[in-house]
Every structure is written in structure tokens, then in C-alpha cells.
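What follows is the residue order along each chain.
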Amino acid sequence: MSNTYLISKSNGKLQMPYGEYLQLMEKVEERQRLEALRDSVVSKLLRVLDGSAGTEVPVATAQPARKETPKASPAKPAAAPAPEPRSESKPAAERTKAEGFDVPPIKKDIAQHFNKLDESGRLFNVFKQYYTCLNDSCGGTVRVTMKDGVCSLWNYDEWEEFAFVDLSEGHLRISLDPRYTECLKSLDFCEVPRVLSSRRSLVSVQVDDLNNTMLGVLAKAFAEVGMATN
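Because the structure is a prediction, the values reported are computed rather than measured.

(A) Spotlight on the environment of L184. Turning to its location among the elements, L184 is positioned in the loop between β6 (171–176) and β7 (188–190). When its relative accessible area of 0% is taken as the criterion, L184 is described as buried. Between the C-alpha atom of L184 and that of M214, which follows or precedes it by 30 residues, the distance is 7.1 Å. Setting aside anything within four residues of it in sequence, one finds L184 in contact with L176, F189, V205, M214 and V217.

This is how it looks when you write it as C-alpha cells:
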């Protein structure tokens, strides 16, 4: 797909080739891995320096007493708490990504549902691109479930929904909290799915391809789980 260019039907703008986009996301993931590794190394060095600082004081005040030097050597076991930085490092999902986390697959029944309504399979592939890109770029794990023909996108670490996806009139319809209306104003708004509108306040947008604006708002909604005011 490296020669396939993404063109938004909503604004007619030419977007980067999907192949280049995937390469870019791989570089972002590699940067996150290196940053996590750097933070871990710096944290360990700080712990070693803190431990050695405590042993330098008695040596400075009583240099002849070199017998105290062996007492300082037990400070080396301070390396034992090394696992601590892992437990203190921010997102658990970020650690799993640094260890080569695989994107959770979309269940077959969801693929079958999409392909039943769109035999070309094109809209399911678009949905799959959103799902894969979010897992690659969110710094956490995205999961998808389906109920009553509507897919829920979940922040797996917080286990809370942040968006809903279904098919409407030959388009992919994505629904989110109304506080993202201003961010989505360049896209095509449509009616909220009836099964959702009866139980929560949402706005819905129609998309036909992998749209950078939509992807950015979905990533924002993922990160802001729990902040909804409606």
C-alpha cells in the first residue's frame, strides 16, 4: 500500500501514503521505546548515586579508617530495588509496548458484521486502520467490542469507552463526546445512532478513509477518558 495515497472526501486534501504513515508510526514507537529505556537508566543511575553519596561522608571525615570502606560495599545491594523504577514508571501499557506488544486482533464476528453491510470490505479495512493506528500511537491499549451493531472503542487500561463506530448509509460513522465538536467541525456531522442517543449525549461524524483530524481526536478522547462532563 506504499503507493496508495489517502484523499479525504470531506475536504479533498491529499494525505500521506498509508505506507509512509505506518513507517512514521514505527519511528514514533521506537522513540517511545528509547525514551522509556533512557528513563529507566537515569532512574537507576540516580539510585546508585544516592547510595554512594551516603557512603562517602564517613570516608571523608575519617580517611585513615579504611576499614569502613568494606562497610560501604554493602551499599551495592541497593541495586536490588532496581525493579522499583518499573513499578513507578507511568503507564503500564507503555512498558508492554517497549517489550514488543502486539495489537489485539479484532474478533471475527465484528469483521463479519461489517462485511455483511459492506461486501467490498473497504469500510472494515478503514475501521481496522483507525484501530491499528490508535494502538500504535496512544501509549496504551485500545480494544473493541460490539453490541447491537455498534462497536465500542475502549481505553483498555482504564476499561472505559471513548468512541463508538458503526456503518451508516455506506459510510463509517464515529460517535464521540460533544466536547470534541469544535475539533471535528471540518468533517461531516450526521445523526447519532438511535441505540446510543437514548442513553448518552454524543456527536457523530461520517468518514470514508483514514482521516488525520479524526484520528487525532480519537487519540485525544482515549487520553481524556474519565473527563467527560455529560
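(B) View of the confidence of the model for the protein. Here the protein averages 76 in pLDDT, while 67% of its residues score no lower than 70. When the criterion is pLDDT under 50, residues 52–99 qualifies, and its contacts beyond four places in sequence or with other chains add up to 24 contacts.

(C) Inspection of the packing of helix α6 (residues 122–137) against helix α8 (residues 212–223) at higher detail. Close contact between α6 and α8 brings their axes to 10 Å; oriented N to C, the two are set at 50°. By the angle class used here, α6 and α8 are oblique. The handedness of the crossing between α6 and α8 is right-handed. Judged by residue contacts, Y130, C133 and L134 of α6 engage M214, L215, L218 and A219 from α8. A class-by-class count of the residues in the contact of α6 with α8 yields seven nonpolar, no polar and no charged.

(D) Inspection of empty space enclosed by the protein at higher detail. Going through the model one piece at a time under the given rule, you end up with one cavity of 30 Å³ or more. There is about 40 Å³ of room inside the largest cavity. Looking at side-chain class alone, the lining of the largest cavity contains seven nonpolar, no polar and no charged residues.

(E) Highlighting α8. Helix length check: α8 (twelve residues) gives 17 Å between terminal C-alpha atoms against 16 Å at 1.5 Å per residue, within 8%. Listing the buried residues of α8 in full gives M214, L215, V217, L218, A221 and F222. Angular distribution of buried residues about the axis of α8 spans 165°; they occupy a single face of the element. N-cap assignment for α8: the residue whose side-chain oxygen lies 2.8 Å from the backbone N of T213 is N211.

(F) Quick peek at helix α5 (residues 108–117). Taken as a whole, α5 has its buried residues at I110, A111 and F114. Mapping the buried residues of α5 onto a view down its axis gives an arc of 100°, with all of them on the same face. For α5, the exposed residues set more than 90 degrees away from the buried face come down to K108, Q112 and K116. Packing partners of the buried residues in α5 comprise α6, β3 (142–147), β4 (150–155), β5 (160–168) and β6.

What counts, and where the lines are drawn
- Residues numbered from 1 in each chain as written.
- Predicted model: local features only at pLDDT ≥ 70, side-chain atom pairs only at ≥ 80, totals over all residues.
- Heavy atoms only, no water.
- Helix = DSSP H or I, 4+ residues; strand = E, 2+ residues; numbered from the N terminus.
- Buried < 20%, exposed > 50% of the residue type's maximum accessible area, 1.4 Å probe, protein only.
- Contact = heavy atoms within 4.5 Å.
- pLDDT = per-residue confidence, 0-100.
- Axes fitted to C-alpha atoms, helices over the stretch in contact; angles between N-to-C directions.
- Parallel < 35°, antiparallel > 145°, perpendicular 65-115°, else oblique.
- Left-handed = near helix turned anticlockwise from the far one by under 90°.
- Nonpolar A, V, L, I, M, F, W, Y, C, P; charged D, E, K, R; others polar.
- 1 Å grid on protein atoms, 1.4 Å probe; cavity = no way out; pocket = protein on both sides within 12 Å on 5 of 7 lines; lining within 4 Å.
- Points joined across faces, edges and corners; volume = space filled by probe spheres on them.
- Expected span 1.5 Å × (residues − 1).
- Arc of directions from axis to C-beta.
- Polar contact = N/O pair within 3.5 Å; in protein donor to acceptor, adjacent residues only side chain to side chain.

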